[in-house]
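Residue-level structural notes
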Amino acid sequence: MTSVDRTPIVTPEAVPLDFNEAGVGSRGLAILLDWLVLGAAMIALMTASGLVFSAFESSGAVVASWFAVMNLLLLFGYPITCETLTRGKTLGKLVMGLRVVTAEGAPVRFRHAGIRAALGLVDFGLTLGVAAVLSSLLTQRSQRLGDLVAGTIVLRERTAGPRPSAARFTTPPAAEPFAATLDTGALTARDYETVRAFLLRAGELDADARTRLAQRLADLIVAKLGQPPPGRLTALDYLASVAARYQQAQRGH
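Now for a description of the structure that goes with this document. Not measured: the values here are computed from a predicted model.

In terms of residue burial, strand S4 (residues 152–156) counts as a mostly covered element, since 4 of its 5 residues are buried. By the bridge criterion, 2 bridges tie strand S2 (residues 20–21) to S4 in an arrangement that is antiparallel. Its bridge partner lying in S4, Asn20 is registered against Arg156. Here 5 bridges tie strand S3 (residues 98–102) to S4, and the two strands are oriented antiparallel to one another.

This is how it looks when you write it as C-alpha cells:
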C-alpha cells in the first residue's frame, strides 16, 4: 500500500514544488503594483535629471537621449534585476505572494528573467496586455508568452487557506529490497509529476479504477526504467517506491 507522509520538503534549490499557479487576477495586480513602482522611479529620476541638465544647460538632443536610455534601463532592468536577485520576485509579486520559477520548479536565472522581460514588450506593450491575458487563460499552467518562451511559471506562495506543502513519499516495507536497486535517472520531471499526481489522488478512486490506473502507469514507468517489479509487488507499491527513490535522488544532488 502507498505510504505518503505530508511533511514539507523542498527541492535542492529550496523552492517548494506543491504550490498552485497564479491566476490572471493576482498576476494583474502584481504587475499594476510594479508599474506604480516604475512610474514613481521614472518621475523621481526625470525630476533629478532635469535639474542636472538645467544646471549644465544641456542640449535638447542630449536630454531626450538620456531620458530614452533611462526609461529602457528601468523597464528592463527592474524586472530582470529583481527576479534574478530574489529568485523570482518583483516588489509587486512580493506583495501578492507570487514567485516565478522554472517549469521544473527551480529558481529562475538571468536568462529566464531576461526572456520574460523582452517578451513583455509583446505581452503588455504591443498588445496592451491582451496577449498576456489570453495566453494565461488558454494555457494549462496560466503562462503568458514570456513564460512559454522562457520555460517559467508563476506560483502562488500564499493563499487564504493553509500553507501548501510538498508530498514526501516513503518506500512501502515490502518493497524496500527492490527499491534499493531502483535507478530513477531515466525519469524526467514530468514523469515524476505524473506518478506524484496519481499517488496523491489514489485514495479518492474506487479500488478497481485505482488498480487499473496504477498498472497502466506502472507499465509506462517500467518501460522507462527497464526494471520491472517482482511479482509479489503491487503496481501501487511499485509507483510509491519509484516516487520515493526519485525524491531521494533529487535531494542528493
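What the rule picks out here adds up to 4 aromatic pairs. Measuring from centroid to centroid gives 6.0 Å for Trp35 and Phe124, while their planes differ by 90°, and the two rings are edge-to-face. Here Trp35, found in helix H1 (residues 24–56), pairs with Phe124, found in helix H4 (residues 110–126); they are 89 residues apart in sequence, far enough to count as distant. Residue classification places Trp35 among the partly exposed positions, given a relative accessible area of 47%. Consider the rings of Tyr192 and Tyr246, whose centres lie 4.5 Å apart with planes at 15°: the pair is stacked. Placement of the pair is Tyr192 in helix H8 (residues 189–201) and Tyr246 in helix H10 (residues 235–252), with a sequence separation of 54 residues. For Tyr246, a relative accessible area of 9% translates into the label buried.

Here we come to the nonpolar core. One recurring pattern in soluble globular proteins is that nonpolar side chains are buried together. Counting residues in hydrophobic clusters, the biggest one holds 26 residues, and the most contacted among them are Phe198, Leu199, Ile221, Tyr238 and Leu239. Breaking this core down by element, the ones donating at least two residues are H8, helix H9 (207–225) and H10. Looking at this core element by element, the count peaks at 8 residues for H10. Among all residues touching Ile221, those that are not within four sequence positions of it are Leu187, Val195, Tyr238, Leu239 and Val242. With 9 residues, the next largest nonpolar core counts Leu38, Met42, Leu74 and Cys82 among its residues.

Procedures and definitions
- Residues numbered from 1 in each chain as written.
- Predicted model: local features only at pLDDT ≥ 70, side-chain atom pairs only at ≥ 80, totals over all residues.
- Heavy atoms only, no water.
- Buried < 20%, exposed > 50% of the residue type's maximum accessible area, 1.4 Å probe, protein only.
- Helix = DSSP H or I, 4+ residues; strand = E, 2+ residues; numbered from the N terminus.
- Pairing = 2+ DSSP bridges.
- Phe/Tyr/Trp six-rings, centres within 6.5 Å; stacked < 30°, edge-to-face > 60°.
- Core = buried A, V, L, I, M, F, W, Y, C linked by side-chain atoms within 4.5 Å.
- Contact = heavy atoms within 4.5 Å.

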